[in-house]
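# Architecture and fold: a report
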Amino acid sequence: MVPKFLEHGLIKPSDVAVFTAVGMTWSGYLSTHVGMMDALGYRYLTSKAILSHTIGGLVAGFSANILYRIFF
């Protein structure tokens, strides 16, 4: 699917870099945080953990975009 999108100009390589960075950061974070916070006995911190993970994903996407522009 991605090669066809690139071929038709619907996305750019930098878009792939950003999507990959955000996707890798956010993959499975709901199940991860709920289970991890529950296992540690800090379930009440789940919302804060999810918020920090969400911000981390946005930072990863922004960083991927900047790094792509610098190196390519």
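Above this text you will find the structure in question.
Residues numbered from 1 in each chain as written. Predicted model: local features only at pLDDT ≥ 70, side-chain atom pairs only at ≥ 80, totals over all residues. Heavy atoms only, no water.

## Quick notes on the environment of Gly-56
To keep it simple, the criterion reads: Helix and strand assignments follow DSSP, with helices taken as H or I runs no shorter than four residues and strands as E runs no shorter than two, numbered in order from the N terminus. Only protein chains enter the accessibility calculation, which uses a 1.4 Å probe; a residue whose area is less than 20% of its type maximum is buried, one above 50% is exposed, and one in between is partly exposed.
On the secondary structure map, Gly-56 appears in helix H4 (residues 46-71). Here Gly-56 falls in the partly exposed class, since its relative accessible area comes to 28%. Remark: the alpha-carbon pair of Gly-56 and Gly-9, spanning 47 residues in sequence, is separated by 29 Å.

## Re the packing of helix H3 (residues 29-40) against H4
We apply this condition: To obtain an axis, a line is fitted to C-alpha atoms, over the contacting stretch when the element is a helix, and the angle between two such axes runs from 0 to 180 degrees between their N-to-C directions. If you view the pair so one helix is near and one far, a crossing is left-handed when the near helix is turned anticlockwise from the far one by less than a right angle, and right-handed when it is turned clockwise. Contact between two residues is taken to exist if any of their heavy atoms lie within 4.5 Å; hydrogens are not considered. Each residue is assigned to one of three groups, with Ala, Val, Leu, Ile, Met, Phe, Trp, Tyr, Cys and Pro labelled nonpolar, Asp, Glu, Lys and Arg labelled charged, and all others, Gly among them, labelled polar.
Packing of H3 against H4 leaves a shortest axis separation of 9 Å and a crossing angle of 145°. In this structure, the crossing between H3 and H4 has a hand that is right-handed. Contact residues: Tyr-29, Leu-30, His-33, Val-34 and Met-37 in H3; Thr-46, Ala-49, Ile-50, His-53 and Thr-54 in H4. Taken together, the residues of the contact of H3 with H4 sort by class into 6 nonpolar, 4 polar and no charged.

## Concerning helix H2 (residues 13-26)
Just so we agree on the cut-off: For a helix, the expected span equals 1.5 Å multiplied by the residue count minus one. To be clear, the arc concerns the directions from the helix axis to the C-beta atoms.
A rise of 1.5 Å per residue sets the reference length of H2, with its 14 residues, at 20 Å; its end C-alpha atoms lie 20 Å apart and thus fit the reference within 8%. Among the residues of H2, those classed as buried are Ser-14, Ala-21 and Val-22. The arc that holds the buried residues of H2, viewed along the axis, is 90°, so those residues lie on one side. Exposed residues on H2 whose side chains face more than 90 degrees from its buried face are Phe-19 and Met-24. Of the surrounding secondary structure, the elements contacted by the buried residues of H2 are H4. Immediately downstream of H2, the backbone of Gly-28 shows phi near 70°, a positive value.

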